[in-house]
Amino acid sequence: MTSEVADSAEAVGVSPAADPGFLQRHGASIEYILIPGAALAGALVVFGIFVALFGKNPLDLYFYMYQGAFGTWFSWQNTLTRAAPLILTALCAALPAQLGLVIIGGEGALLIGALSATSMALALPSAPPLAVQIAMAGAGMVGGGLWILLSGALRQYRGVNETISSLLLVYIALAILNHLVEGVMRDPASLNKPSTHEIGAANMIGTIPGTDVHWGLLFGLIAAIASYILIYHTTFGFAARVAGGNIRAAKIVGLSVGKLILTVCFIAGACAGLAGMVEVAAVQGRTNANLAAGYGYTGILVAFLSRQNPLAVVPVAILLGGISASGGLLQRRLGLPDASVLVLQGIIFVFVLASDAVYGRIGFLKGK
């Protein structure tokens, strides 16, 4: 046998298709793609059946959803604009999950971050725009970080369940926003909808050149990449994952679990707070009740669907942003309520939670 033939035979022998152990070795990675994808497909089928009961063609539904999300350049820009805050609020849930914490208070951190950013802009009326924008970003991140840090502190020092406390803090944040916007921070000119004073056109962060997508998308991408590096390529991230896998073992080896919890919660809240700053500085121009648009809640779904992987958060946020962006087209073409996409998001969330029981149980992906 010639050397060329031998090399070819060896190459074929180690190819994935000819390697009987390939699926077993990479089964976990395949599951992380296959199972969420199947959950999403199942949710779309169920939603199609739900729509069919109201006399609408499910195929038309899927077509207009695609058109409204990704069918045109305008649709893509709308989708990416909605995906920007979803990336940041999803990180608010994904990062604490590395420690085994279930934080669902991203909506509250977003509102507090928006209030903090707006307050900073109004306090610096004569400062250069770049300085104001940097100050707004810093204030939003600190405000959101401290808000989620409170849930972590309650968990660490008082034993309060972080899921319940972070959810209740959302309602407290909304009450604070309404109190300030309708009180001391209210612009007297805002008659129909109470709002704060505008931060000023010069202080808006603008859009990426050549597009209508604001710079918040870039902020989200940077935050996702930085979070991935922090969790998977630093000793701090390794310590966090060790504590999340077995907190007793982490304490035995001398890891400061309390410090890890507080630090990760602050970073997570800072991401959601930055999302609030972006919504103020790129979309609203002021703070009002419109900021409570549900980005924090949808971010939870993004985090679960991406299996709490900071990099996977990005494509999933774009997908969910597209679904949200298609609501208007579904309303115009099929006569469905704009909020019908929220029903789909709820169905997806149920399917994703149910799919957790499937991990490690797919026969051909299990090791011997």
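Residues numbered from 1 in each chain as written. Predicted model: local features only at pLDDT ≥ 70, side-chain atom pairs only at ≥ 80, totals over all residues. Heavy atoms only, no water.

### Some details on the overall build of the protein
In step 1: Of regular secondary structure, the protein possesses 16 helices and 0 strands.
In step 2: At 23 Å, the protein has a C-alpha radius of gyration in line with the 21 Å of a compact globule built from 368 residues.
In step 3: Expressed as lengths along the three principal axes of its C-alpha atoms, the size of the protein is roughly 85 × 60 × 40 Å.
In step 4: By residue count, 46% of the 368 residues in the protein fall in the buried class.
In step 5: In the protein, the share of contacts with a sequence separation of at least 24, taken over all contacts with a separation of at least 6, comes to 75%.
In step 6: Taken as a whole, the protein presents about 17500 Å² of accessible surface, with 67% of it coming from carbon and sulfur.
In step 7: Treating the 18 positive side-chain charges of the protein as one cloud and the 15 negative ones as another, the clouds have centres 11 Å apart. (Helix = DSSP H or I, 4+ residues; strand = E, 2+ residues; numbered from the N terminus. Rg over C-alpha atoms; globule rule 2.2 N^0.38 Å. Buried < 20%, exposed > 50% of the residue type's maximum accessible area, 1.4 Å probe, protein only. Contact = heavy atoms within 4.5 Å. Areas by Shrake-Rupley, 256 points an atom, 1.4 Å probe, with all protein chains shown as cover. Lys, Arg positive; Asp, Glu negative; His and termini not counted. Charge placed at Lys NZ, Arg CZ, Asp CG, Glu CD.)

### Considerations on the environment of Leu 130
In step 1: The residue Leu 130 is located in helix α7 (residues 129-158) in this model.
In step 2: Using a relative accessible area of 58% as the deciding quantity, one classes Leu 130 as exposed.
In step 3: Between the C-alpha atom of Leu 130 and that of Met 204, which follows or precedes it by 74 residues, the distance is 9.6 Å.

### Topic: empty space enclosed by the protein
In step 1: Evaluation of the coordinates by the stated rule reveals 1 cavity of 30 Å³ or more.
In step 2: Each pocket or cavity is described by its volume, and for the largest cavity that value is around 30 Å³.
In step 3: Lining the largest cavity are Pro 36, Phe 304, Leu 305, Arg 307, Val 352, Ser 355, Asp 356 and Tyr 359.
In step 4: Residue assignment for the lining of the largest cavity shows that the elements contributing at least two residues are α13 (295-305) and α16 (340-355).
In step 5: Partitioning the lining of the largest cavity into residue classes produces 5 nonpolar, 1 polar and 2 charged. (1 Å grid on protein atoms, 1.4 Å probe; cavity = no way out; pocket = protein on both sides within 12 Å on 5 of 7 lines; lining within 4 Å. Points joined across faces, edges and corners; volume = space filled by probe spheres on them. Nonpolar A, V, L, I, M, F, W, Y, C, P; charged D, E, K, R; others polar.)

### Some thoughts on the packing of helix α10 (residues 235-245) against helix α12 (residues 257-284)
In step 1: At a closest axis distance of 10 Å, the pairing of α10 and α12 adopts a crossing angle of 110°. Taken together, the axis directions place α10 and α12 in an arrangement best described as roughly perpendicular. Crossing of α10 over α12 shows left-handed handedness. Taking contact as the criterion, the partners of Phe 236, Ala 239, Ala 240 and Ala 243 in α10 are, on α12, Leu 260, Thr 263 and Val 264.
In step 2: Here the residues of the contact of α10 with α12 sort into 6 nonpolar, 1 polar and no charged. (Axes fitted to C-alpha atoms, helices over the stretch in contact; angles between N-to-C directions. Parallel < 35°, antiparallel > 145°, perpendicular 65-115°, else oblique. Left-handed = near helix turned anticlockwise from the far one by under 90°.)

### Observations concerning helix α14 (residues 313-325)
In step 1: Taking 1.5 Å per residue, 13 residues should reach 18 Å; α14 reaches 18 Å between its end C-alpha atoms and fits that length.
In step 2: In terms of burial, α14 is largely enclosed, as 10 of its 13 residues are buried.
In step 3: Along α14, the residues classified as buried are Val 313, Val 314, Val 316, Ala 317, Ile 318, Leu 320, Gly 321, Gly 322, Ile 323 and Ala 325.
In step 4: In this structure, the buried residues of α14 make contact with α4 (58-71), α5 (73-97), α9 (216-232), α13, α15 (327-334) and α16. (Expected span 1.5 Å × (residues − 1).)

### Concerning the pattern of salt bridges
In step 1: Throughout the structure, instances matching the rule amount to 4 salt bridges.
In step 2: In this structure, Arg 155 and Glu 162 form a salt bridge, with 2.8 Å as the shortest nitrogen-oxygen distance.
In step 3: Given a relative accessible area of 30%, Arg 155 falls into the partly exposed group.
In step 4: By relative accessible area, which is 5% here, Glu 162 ends up buried.
In step 5: Between Arg 286 and Asp 187 there is a salt bridge, with the nearest N and O atoms lying 4.0 Å from each other. Here the residue Arg 286 occupies a position in the loop between α12 and α13, and Asp 187 occupies one in the loop between α8 (162-181) and α9, the gap between them amounting to 99 residues.
In step 6: On the basis of relative accessible area, Arg 286 is assigned to the buried category, the value being 16%.
In step 7: Overall, Asp 187 belongs to the buried group, its relative accessible area being 12%.
In step 8: Sharing partners across several salt bridges, the network here consists of Asp 187, Glu 198 and Arg 286. (Salt bridge = Lys/Arg side-chain N within 4 Å of Asp/Glu carboxyl O.)

### Quick word on the packing of α14 against α16
In step 1: Their axes nearest at 9 Å, the elements α14 and α16 cross at an angle of 145°. Once α14 is placed against α16, the crossing between them reads as right-handed. Across from Leu 320, Ile 323 and Ser 324 in α14, the residues of α16 making contact are Val 341, Leu 344, Gln 345 and Ile 348.
In step 2: Its residues assigned to classes, the contact of α14 with α16 comprises 5 nonpolar, 2 polar and no charged.

### Points about the confidence of the model for the protein
Close inspection of predicted coordinates is inappropriate for parts of the model with low pLDDT.
In step 1: Residues at a pLDDT of 70 or more form 90% of the protein, whose mean pLDDT is 88.
In step 2: Ignoring residues within four places in sequence, the model shows residues 1-14, a span with pLDDT below 50, making 3 contacts including any to other chains. (pLDDT = per-residue confidence, 0-100.)

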